[in-house]
Amino acid sequence: MEGTHTMPEAAAPAVPPTPPVTLQALLAREDLALRRIAGPTDPGIAIHWAHTSEMADPYPYLLGGELLLTAGVHVPRDETGLAAYFDGYVSRIVAAGGAALGFGVAPVHDTVPRALVAACDAHGLPLLEVPPQTTFSGVARAVWQLMAQARLAELRRVTEAQQSLAAAASRPDPVPSVLRQLAQRMSGHTVLYGPDGTEVAQAGRGTPQDDVRAALAELAGVVRPTPRAATAATAVDLSSGGAPAPAAPGTSRPLPSSATDTLGATHLAVYALGAGEGFVLGVATARRDPGDHTIASVAAVLLSLLTGEHQSGAGAARSSALVRLLLGAPPGEVAPLLGTGRWLVVHARPETQAPDAVAASALGAALGSPLVDLARDVVRVLVPAGRRPEPQPGWTLGVSDAVEPDEWPAADTQAARALARARATRTPLVRHTARPALKDLVAPADAETHARALLAPLTGQAALAETLRTWLSLHGSWDRTAVALGVHRNTVRQRIGRCAALLDADLDDPDVRMELWFASRHT
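My aim in this report is to walk through the structure given alongside it, one point at a time. The model shown is predicted, which means the values in this text are computed figures rather than measured ones.

## Focus: the sheet that holds strand 13 (residues 343–350)
Okay, so step 1: Read from one edge of the open sheet, five strands run 14-15-13-16-17, paired in mixed fashion. Lying at the two open borders of the sheet, with one neighbouring strand each, are strand 14 (372–375) and strand 17 (429–431). Across the sheet, the axes of successive neighbouring strands diverge by a mean angle of 15 degrees, strand direction being ignored.
Okay, so step 2: As paired strands, strand 16 (residues 395–399) and strand 17 are joined by three bridges and run parallel to one another. Within the sheet, the bridge partner assigned to V399 lies in strand 17 and is R431.
Okay, so step 3: Of the strands in this sheet, strand 13, strand 15 (378–384), strand 16 and strand 17 touch helix 12 (residues 408–425), which is tilted by about 35 degrees from strand 13.

## Concerning helix 12
Owing to its 3.6 residues per turn, the α-helix aligns residues three or four sequence positions apart on the same side.
Okay, so step 1: With 18 residues, helix 12 should reach 26 Å at 1.5 Å per residue; the first-to-last C-alpha distance of 25 Å fits that figure.
Okay, so step 2: Residues of helix 12 that are buried include every one of W408, A411, Q414, A415, A418, L419, A420, A422 and A424, and no others.
Okay, so step 3: Structurally, helix 12 contributes buried residues whose contacts are with helix 10 (331–338), strand 13, strand 15, strand 16, strand 17 and helix 15 (478–485).
Okay, so step 4: Following helix 12 by one or two positions, R426 has its phi on the positive side, about 55 degrees.

## So, unusual backbone geometry
Okay, so step 1: Residue P107 is bonded to the preceding A106 through a cis peptide linkage, with omega at 5 degrees.
Okay, so step 2: By the element assignment, P107 lies in the loop between strand 6 (100–104) and helix 3 (114–123).
Okay, so step 3: The phi angle at A106 is positive, at roughly 75 degrees, despite the residue not being glycine.
Okay, so step 4: Locating A106 in the fold gives a position in the loop between strand 6 and helix 3.
Okay, so step 5: At H475, a position not held by glycine, the phi torsion is positive, near 60 degrees.

## Observations concerning the sheet that holds strand 4 (residues 49–52)
Okay, so step 1: Here we have five strands laid out as an open sheet, ordered 2-7-6-5-4, and mixed in their pairing. Two strands close off the open sheet at either side, each with one partner strand: strand 2 (35–38) and strand 4. Averaged over all neighbouring strand pairs, the angle between strand axes comes to 30 degrees, with direction disregarded.
Okay, so step 2: Sheet strands touched by helix 4 (residues 136–169): strand 4, strand 5 (66–70), strand 6 and strand 7 (127–130). Its angle to strand 4, the strand with the most contacts, is close to 165 degrees.

## Things to note about the packing of helix 15 against helix 16 (residues 489–503)
Okay, so step 1: One can describe the packing of helix 15 onto helix 16 by two numbers: an axis separation of 8 Å at closest approach and a directional angle of 105 degrees. Taken together, the axes of helix 15 and helix 16 are roughly perpendicular relative to one another. Residue-level inspection shows W478, D479, T481, A482 and L485 of helix 15 in contact with helix 16, the latter providing R489, V492, R493, R495 and I496.

## Comments concerning the environment of A465
Okay, so step 1: By the element assignment, A465 lies in helix 14 (residues 462–473).
Okay, so step 2: Counting along the chain gives 55 residues from A465 to S520, while the straight-line C-alpha distance between them is 8.2 Å.

## Side note on the pattern of salt bridges
Okay, so step 1: Across all of its chains, the model carries 15 salt bridges by this definition.
Okay, so step 2: Taken together, the shared-partner salt bridges connect D373, R380 and D412 into one network.

## Let's talk about the side chain of S369
Okay, so step 1: Note that S369 resides in the loop between helix 11 (357–367) and strand 14.
Okay, so step 2: For S369, the side chain forms a polar contact with the main-chain nitrogen of L371, separated by 3.1 Å.
Okay, so step 3: At a separation of 2.6 Å, a polar atom in the side chain of S369 contacts the main-chain carbonyl oxygen of L382.

## Some points on helix 6 (residues 210–223)
Okay, so step 1: Its 14 residues give helix 6 an end-to-end C-alpha distance of 21 Å, which sits within 8% of 20 Å, the value for a rise of 1.5 Å per residue.
Okay, so step 2: For helix 6, every residue scored as buried is listed here: V212, A215, L216, L219, A220 and V223. Projected down its long axis, helix 6 shows its buried positions confined to an angular sector of 145 degrees, all on one face. In this structure, helix 6 carries D210 and E218 as exposed residues pointing more than 90 degrees from its buried face.
Okay, so step 3: Each element contacted by the buried residues of helix 6 is listed here: strand 8 (188–193), strand 10 (258–263), strand 11 (266–272) and strand 12 (280–285).

## Description of the nonpolar core
Okay, so step 1: If you look at the biggest cluster of nonpolar residues, it comprises 27 residues, and the most contacted ones within it are L165, V178, L179, L182, L273, L281 and L303.
Okay, so step 2: Ranked by the residues each element gives to this core, the list is headed by helix 8 (residues 292–312), at seven residues.
Okay, so step 3: Ignoring any residue separated from it by four or fewer positions in sequence, one finds L281 in contact with L179, L182, V191, A269, V270, Y271, L273, A296, A299, A300 and L303.
Okay, so step 4: Of all hydrophobic cores here, the second largest spans 22 residues; its members include F136, V139, A140 and M147.

How each quantity is defined
Residues numbered from 1 in each chain as written. Predicted model: local features only at pLDDT ≥ 70, side-chain atom pairs only at ≥ 80, totals over all residues. Heavy atoms only, no water. Pairing = 2+ DSSP bridges. Helix = DSSP H or I, 4+ residues; strand = E, 2+ residues; numbered from the N terminus. Axes fitted to C-alpha atoms, helices over the stretch in contact; angles between N-to-C directions. Contact = heavy atoms within 4.5 Å. Expected span 1.5 Å × (residues − 1). Buried < 20%, exposed > 50% of the residue type's maximum accessible area, 1.4 Å probe, protein only. Parallel < 35°, antiparallel > 145°, perpendicular 65-115°, else oblique. Salt bridge = Lys/Arg side-chain N within 4 Å of Asp/Glu carboxyl O. Polar contact = N/O pair within 3.5 Å; in protein donor to acceptor, adjacent residues only side chain to side chain. Arc of directions from axis to C-beta. Core = buried A, V, L, I, M, F, W, Y, C linked by side-chain atoms within 4.5 Å.

See the structure below:
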């Protein structure tokens, strides 16, 4: 396979969300007895995963960041061209972003070829000797064990930080307390900037140098709206109670919610607070550890609540809207308290574990709205239509059409169905799209009458009706329907079979499917 691919530039690793492990930590495992025999000795070299390959050209099969393991089965037996062979082999690994190469001694080779050692030194690729008693699967298992330990440590650190930040927010001086706790957790310096760019409060040991303070203040301007944009954001905040990211001057593109930079050895990060008033959280640290962004984001959410509620009066507006709804006022009457115009309903589900209140609030802040409902495994967010929800890391989202307040229940259904489709197709975000279609050619009343008559045998059997609708929407895929509904594929088959029997219909007939799909859209 050598020579069949062009030589691209070194690839950046497509790293997984799990924290990497250092090559030094892997070498420290006495049970593996690995030995570095070539390449750089930087203790910070990161390993994101382990991969075994005996391909002569492993480039197409690498994502970057791997410890590539090989027993040298692919090495030509003719030693006259080994130098050129290994030079090409190692250069391809480096071009793919490989982190290190592990060469297994025995049964193919008694020692690591000298030409391979020379090539790794020439291209700066760490080369490890894997002794005969160490299996490649054992090395891979050790990598994943170290990654799991790092992930556990990161989660423990983030959880403890969340708890301490929440406790700080409940103190009589919440803003300074949150800043102090954040500075302590990140071993750095924290600053809260006001809408005019002045330092409202700060915390941390010592005072940063003037160049660091200036750079952090300048970076804060990247996420802070201009006075004109801030005024517009205030209007939305008073209406939505939230933190829409304001548009950049002269454009409709929202400003970023966070930004990072470095100044020498100092890491800088800023976060626009969700109140829409122009407050910004700044953080300067000597290093950037896994979990720092999550911890700072939690602090930003808390500071958004602490600054936004008192600055904009949005909390009072939301409370008034809630009271009026509870006392019987229709949505159309209370909506002006939350904002004018149209709205989107977003349904979101995390990719790993069930959401908690902090995660739901953070999602709402990212989407630009504090109107968040945490309902078991799904988070619902009511977002002003002026903001276009974008995919969020770690979440799967379904977004409704933009609707008037009286259509909120219908939009809630649209978002739920969009989320089910997103999960079934493994897409980060799916939007419900309304466009002229066959249904627009039939009067709504006639369509509803026809739908009720056609689907009458399924009346009172919500599980069957929803399974049929989802199955039709996913083109009869058993597996994708099972994922969307959260049931076993055999359950889907049983329900569809029951539907076919009750409806006395051949569900393999595309005309029948089309008519049933049309009917399901009007029930």
